[in-house]
Each structure stands twice: as structure tokens, then as C-alpha cells.
Amino acid sequence: MRYVVISRAEGNWPGNNLDPEPYLRVLPELLPQLPPGAREFAGAADHYDFTAVRCVKDLQFGSLTAGEAGAAQISMSLRFAPNPAKHDAALTVRYLGVSEFRIDVKQLGEKARVWPESRRLGDLQLDEILPVDGGCTHEIQLTGGHIFVRCTDLVAEWETTAGP
């Protein structure tokens, strides 16, 4: 990522230090350059508010679909499940006019403990949306991997889960 800073925190409770502030400082300059859907998603007030239910941090990777969209276009969707401790809705990001997609999965260590419920890509740490010629890029860092998409635009929709 160009602006968002994610660094490894060692110690008794290893994890990640997450700092969206450098991105948030340049975001007002970037927003007018983003396509409409990307602009709305990146500029949402709660996007980087770690205490908000509409913050992307801690969403759980759910699924990925891709397909032909007609008019010589490829579309994709990423679905992130809510973290029950924080979110009340799932997030689906639909990518229009996809021209590049990469997914990198971290290798498990030799001593990794894996249970049936173990998540491989894990939880979303932070993301960054940047303008490029003809659209935008969306980079997503997860605890167990990394996703990169280049597209003409994206649409993000929160899907409230049904209550009891």
C-alpha cells in the first residue's frame, strides 16, 4: 500500500500496528479523482473509524466470484462476513471492468495449528483505494493474505444480517 501503514507488532501478543492516518491526510485530494462508487466507499465517514460498525477492519473474508459481464468486461465480487463482535452487516464489494486481480496467501508455518474453523485469509486489516487512469485500484490487507484489484469502478454495499 502506498499510504496506509501496516507493521508487525511483536511481543506477548503479536499482531499488527495499523495506521490509516497518512492515507486519510491525502484522501481529500484523491476523492475527486476516484470514480463515483469508489469515491463513496473510500470517503465514507466510518470506513476507518475502528469503533464503528461500518469500519472495514475485522471483517472476515467470505467469498470471491468472477465472471464475464458482457461488453468485453469482467466483473468480480468480494464478500466479507461481519465479525460478530463488531459488525451488524456483511460487506459486498462489486468490481466493474476488472483489468487486474491478484491474491497472495501467506504460507502457514510448519508448526501452525489448523482446525476445521481456521480462517486462511483471515480478517481484513485495512484497505486503500487509489485513482488510476481509467478507474481505481483497491488493495486489501488481511491477516493471512493480500488482495489487489484494478477496475473501472466499484460498488460497496453493506447487507444487514437478519435478527432473531
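Residues numbered from 1 in each chain as written. Predicted model: local features only at pLDDT ≥ 70, side-chain atom pairs only at ≥ 80, totals over all residues. Heavy atoms only, no water.

J.: An account of the overall build of the chain is requested, with residue identities and associated values reported.
T.: Per the secondary structure count, the chain includes 2 helices and 10 strands. Element order for the chain, N to C, with α for helix and β for strand: β-β-α-α-β-β-β-β-β-β-β-β. For the chain, buried positions account for 43% of its 164 residues. Contacts spanning at least 24 positions in sequence make up 54% of the contacts within the chain whose residues lie at least 6 apart. For the chain, the exposed area adds up to about 9300 Å²; of that, 51% sits on carbon and sulfur atoms. (Helix = DSSP H or I, 4+ residues; strand = E, 2+ residues; numbered from the N terminus. Buried < 20%, exposed > 50% of the residue type's maximum accessible area, 1.4 Å probe, protein only. Contact = heavy atoms within 4.5 Å. Areas by Shrake-Rupley, 256 points an atom, 1.4 Å probe, with all protein chains shown as cover.)

J.: Quick rundown of the packing of aromatic side chains? Include the residues and the values.
T.: Aromatic ring pairs are reported here in terms of the distance separating the ring centres and the angle at which the planes meet. Throughout the structure, instances matching the rule amount to 2 aromatic pairs. With a centroid separation of 5.7 Å and 70° between ring planes, the pair formed by Tyr23 and Tyr48 is classed as edge-to-face. Of this pair, Tyr23 sits in helix α1 (residues 21–30) while Tyr48 sits in the loop between α2 (36–42) and β3 (60–70); the two residues are 25 residues apart in sequence, bridging distant segments of the chain. Each member of the pair Tyr23 and Tyr48 is classed as buried. Here Phe61 and Phe80 contribute two aromatic rings whose centre-to-centre distance is 6.1 Å and whose plane-to-plane angle is 80°, an arrangement assigned as edge-to-face. Of this pair, Phe61 sits in strand β3 while Phe80 is found in strand β4 (residues 73–81), placing the two residues 19 residues apart along the sequence. Assessed through its relative accessible area of 1%, Phe80 is described here as buried. The lysine or arginine in question, Lys57, covers the ring of Phe50, its NZ or CZ lying 6.0 Å from the ring centre. Just above the ring of Phe148 sits the side chain of Arg102; from NZ or CZ to the centre is 4.2 Å. (Phe/Tyr/Trp six-rings, centres within 6.5 Å; stacked < 30°, edge-to-face > 60°. Lys NZ or Arg CZ within 6 Å of the ring centre and 35° of its normal.)

J.: Talk me through the sheet that holds strand β5 (residues 89–96); I want residue IDs and the actual numbers.
T.: With respect to topology, 4 strands assemble into an open sheet ordered β3-β4-β5-β10, the strand pairing being antiparallel. Whereas interior strands pair on both sides, the edge strands pair on one side only; in this sheet they are β3 and β10 (153–160). Across the sheet, the mean angle from the axis of one strand to that of its neighbour is 15°, orientation sign disregarded. Pairing analysis gives 8 bridges linking β5 to β10, with the strands arranged antiparallel. In the sheet register, Thr92 faces β10, and the bridge partner there is Glu157. (Pairing = 2+ DSSP bridges. Axes fitted to C-alpha atoms, helices over the stretch in contact; angles between N-to-C directions.)

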